[in-house]
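Given next are the chains, with one letter for each unit.
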Amino acid sequence: VRAALTLLGVLFLLPPPAGAVHGGVDRLSREAAGPYLISAWTRPEPATTAGVVLSVAVMRPDGAPVLDAIVEVTAEPLAPSGTVVRLPATREASPNRLYYAVELPLSTVGRWRIRVAANGAAGAGQANFEMSVARHDGAGIAVLVASAAVAIAALGWLARTRWGSRRRTPA
Amino acid sequence: MDPVLVAVLSSWAWRPDAGLALVLLAVGYSVGWWRLRRRAPGGSAASVGRAAAYLTGLLTVGVALLSPLDSLSAMLFSAHMVQHELLTMIAAPLLLLGNPLPVFLWALPGSLRRRAPSALARAAPLRGVLALILRPTVTWPLYMVTVWSWHFPSLYQTALRSELVHDLQHVTILTVGLLFWWPVVAPAPRLRPPAPYWSRILYVLAAAIPHMILVAPVALLRDEVLYPYYLAAPRILGLSVLRDQASGWVLMGFIDGLVFASTALVLVARMLESEERLALRRERVALTRAGARPHIPLSE
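The notes below deal with the structure included here. (Residues numbered from 1 in each chain as written. Chains lettered and ligands numbered in written order. Predicted model: local features only at pLDDT ≥ 70, side-chain atom pairs only at ≥ 80, totals over all residues. Heavy atoms only, no water.)

**Some details on the overall build of chain A**
Alright, step 1. For chain A, the helix and strand inventory stands at two helices and eight strands.
Alright, step 2. Scanning chain A from its N terminus toward the C terminus, one meets helices and strands in the order α-β-β-β-β-β-β-β-β-α.
Alright, step 3. Relative to its full complement of 171 residues, chain A shows a buried share of 37%.
Alright, step 4. Taking contacts inside chain A between residues at least 6 apart in sequence as the whole, the part at least 24 apart equals 52%.
Alright, step 5. For chain A, the exposed surface amounts to about 9300 Å²; the carbon and sulfur share of it is 61%. (Helix = DSSP H or I, 4+ residues; strand = E, 2+ residues; numbered from the N terminus. Buried < 20%, exposed > 50% of the residue type's maximum accessible area, 1.4 Å probe, protein only. Contact = heavy atoms within 4.5 Å. Areas by Shrake-Rupley, 256 points an atom, 1.4 Å probe, with all protein chains shown as cover.)

Here you go:
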């Protein structure tokens, strides 16, 4: 039973796969990009140096999804230090197969400009947005684990106290 | 086949945490059910119907959270409402109809199984907590407030933007769904005698009315996008954002109405059955007292 509970706990803490089904924070909302409209979402929020998952939807002007485009993402740090990252976003990398996704290794803290370029049968277009990237320090997980430990300890203490007082009370 | 449809149908949300938890629950229930059935072959605690209800409930949770419906719910409000309805209106009552507690007890090793019921002994704190939160006066408002709060635009959009908040949304609505259906289905542990049928019927109908009152005006909004997050998503199935929004509310009202009404009908049938049984028993007692030989079979 202990093993099963531990397994459940571990499963609960497992992160969802890269390129989540739900887009995350909307960065571009139907931005005109040549013959296309482009929407883009990033996660996690806040974006950190641990990596940013970018999901992209390429659409026709009527909003219908374009599934045969070649999507390339360029991430450029606005500070002088840092390296430009250029990667393809693919539908295979996204659990939602109407989107294109890519995991961007944004290693430098600060502002980044992200350029999304789509190339397809109707032509080519691109759209940009800027975002901030914070340092990844693992504090989120530490806070989560600490909160869970405090909650379990508090519940245990409460149960013990109530149980003890009930047992002491004569029937 | 339409490539958009193919893309939608291949958008499975592989979540190892949710998927494996569902498998673990299915295996645990099956082991307990098998042991209980071997022990008491004709018993109602491990009937085929109960197992079918529980496993269908788990399957419904799987369809809601892991199937392409989850991907669709990021693009269509109506798909998201179907997902929520599957969790609260279908999966929750089915899981409770499986009467899981005694079955899971039988999945435990012998020593633990013998000790576990003490957690629900008269003075045990868990019993006090359960008795409090399973009161209809608690479960009903808790369900209403939780489900409706999640549909406030700011909270709803936060859930769409954050995977963690979205998971929390699904966990809470499934939990309050289970709590809501608890007094209706009355599974173990039965900490107090089950509520009479008439009060269960009122409880269900009372839940249907605010849903109808709230859903109708929101569904009729024709020019206000409540959840602008969906404006960024591709349009599929020929639905505009406003049309999708209206369809979502209508679907929600329709499914709620259907489930609440059919539950009320089942409860009315059960109430009539039980009253008939009671009348027959009274008649038999009266006949026996009068010295007449009852012509009513003893095992009706």
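Now that the structure is up, let's keep going.
**Focus: the overall build of chain B**
Alright, step 1. Counting secondary structure elements, chain B contains 13 helices and zero strands.
Alright, step 2. In chain B, the succession of α and β elements from N to C terminus is α-α-α-α-α-α-α-α-α-α-α-α-α.
Alright, step 3. If one aligns the C-alpha atoms of chain B with their principal axes, the spans along those axes are about 80 × 45 × 45 Å.
Alright, step 4. The buried share of chain B, reckoned over its 300 residues, is 46%.

**Concerning the sheet that holds strand 5 (residues 85-89) of chain A**
Residues and elements named next belong to chain A.
Alright, step 1. Across the sheet, four strands lie side by side as 5-4-7-8; this open sheet has antiparallel pairing. At either end of the open sheet lies a strand with only one pairing partner, and these are strand 5 and strand 8 (123-133). Across the sheet, the axes of successive neighbouring strands diverge by a mean angle of 20 degrees, strand direction being ignored.
Alright, step 2. Looking at chain direction, strand 4 (residues 70-77) and strand 7 (residues 110-120) are connected through eight bridges and run antiparallel. Residue pairing for strand 7: threonine 74 is matched across the bridge by arginine 115. (Pairing = 2+ DSSP bridges. Axes fitted to C-alpha atoms, helices over the stretch in contact; angles between N-to-C directions.)

**Considering the pairing of strand 7 of chain A**
Where a strand is regular, its side chains alternate between the two sheet faces.
Residue and element names in this part refer to chain A.
Alright, step 1. Strand direction decides the pairing type here: strand 7 and strand 8, joined by eleven bridges, are antiparallel. Considered in strand 8, the bridge of arginine 111 is made with serine 132.
Alright, step 2. In this antiparallel pair of consecutive strands, strand 7 and strand 8, the connection spans two residues.

**Quick look at the environment of alanine 269 of chain B**
All names here are of chain B.
Alright, step 1. Inspection of the secondary structure puts alanine 269 in helix 13 (residues 241-289).
Alright, step 2. According to the relative accessible area criterion, alanine 269 is partly exposed, its value standing at 39%.
Alright, step 3. Each C-alpha atom of the pair alanine 269 and glycine 49 lies 19 Å from the other, and the pair is 220 residues apart in sequence.

**Notes on the sheet that holds strand 1 (residues 25-33) of chain A**
Residues and elements named next belong to chain A.
Alright, step 1. Spatially, four strands are ordered 1-2-3-6 in an open sheet, and the strand pairing comes out antiparallel. Strand pairing shows two members of the sheet lacking a second neighbour, strand 1 and strand 6 (100-104), which therefore form its edges. The average undirected angle you get between the axes of adjacent strands in this sheet is 20 degrees.
Alright, step 2. Both strand 2 (residues 36-43) and strand 3 (residues 52-59) contribute to a ladder of seven bridges, which runs antiparallel. Each bridged residue has a counterpart across the sheet, and for alanine 40 the counterpart in strand 3 is valine 56.

**Overview of the nonpolar core**
Alright, step 1. If you look at the biggest cluster of nonpolar residues, it comprises 84 residues, and the most contacted ones within it are Leu98 of chain A together with Val61, Trp181, Ile236, Trp249 and Phe260 of chain B.
Alright, step 2. In terms of residue count, helix 5 (residues 77-97) of chain B provides more of this core than any other element does, ten residues in total.
Alright, step 3. Once you skip the residues sitting within four places of it in the chain, phenylalanine 260 of chain B turns out to touch Met89, Phe180, Trp181, Val204, Ala207, Ala208 and His211 of chain B.
Alright, step 4. Ranked by size, the runner-up nonpolar core spans 29 residues in total, among them Ala33, Ala75, Leu106 and Met131 of chain A. (Core = buried A, V, L, I, M, F, W, Y, C linked by side-chain atoms within 4.5 Å.)

**Some details on the pattern of salt bridges**
Residues and elements named next belong to chain B.
Alright, step 1. The full count for this structure, using the stated rule, is nine salt bridges over all chains.
Alright, step 2. Its salt-bridge partner being aspartate 17, residue arginine 15 comes within 2.9 Å of it at the nearest N-O pair. In terms of burial, arginine 15 and aspartate 17 fall into one category: buried.
Alright, step 3. With a closest N to O distance of 2.9 Å, aspartate 167 and arginine 15 form a salt bridge. With aspartate 167 in helix 11 (residues 163-185) and arginine 15 in the loop between helix 1 (3-9) and helix 2 (16-39), the pair connects residues that are 152 residues apart, well separated along the chain.
Alright, step 4. On the basis of relative accessibility, which here comes to 22%, the residue aspartate 167 falls in the partly exposed class.
Alright, step 5. Here the residues in one salt-bridge network are Arg15, Asp17, Glu163 and Asp167, joined through shared partners. (Salt bridge = Lys/Arg side-chain N within 4 Å of Asp/Glu carboxyl O.)

**Some words on the packing of helix 11 of chain B against helix 13 of chain B**
Residue and element names in this part refer to chain B.
Alright, step 1. Packing of helix 11 against helix 13 leaves a shortest axis separation of 12 Å and a crossing angle of 20 degrees. For the element pair helix 11 / helix 13, the angle class is roughly parallel. Contact residues: helix 11 offers Phe180, Trp181 and Val184, while helix 13 offers Val259, Phe260, Thr263 and Leu267.
Alright, step 2. Split into classes, the residues belonging to the contact of helix 11 with helix 13 amount to six nonpolar, one polar and no charged. (Parallel < 35°, antiparallel > 145°, perpendicular 65-115°, else oblique. Nonpolar A, V, L, I, M, F, W, Y, C, P; charged D, E, K, R; others polar.)

By themselves these figures say nothing about function.
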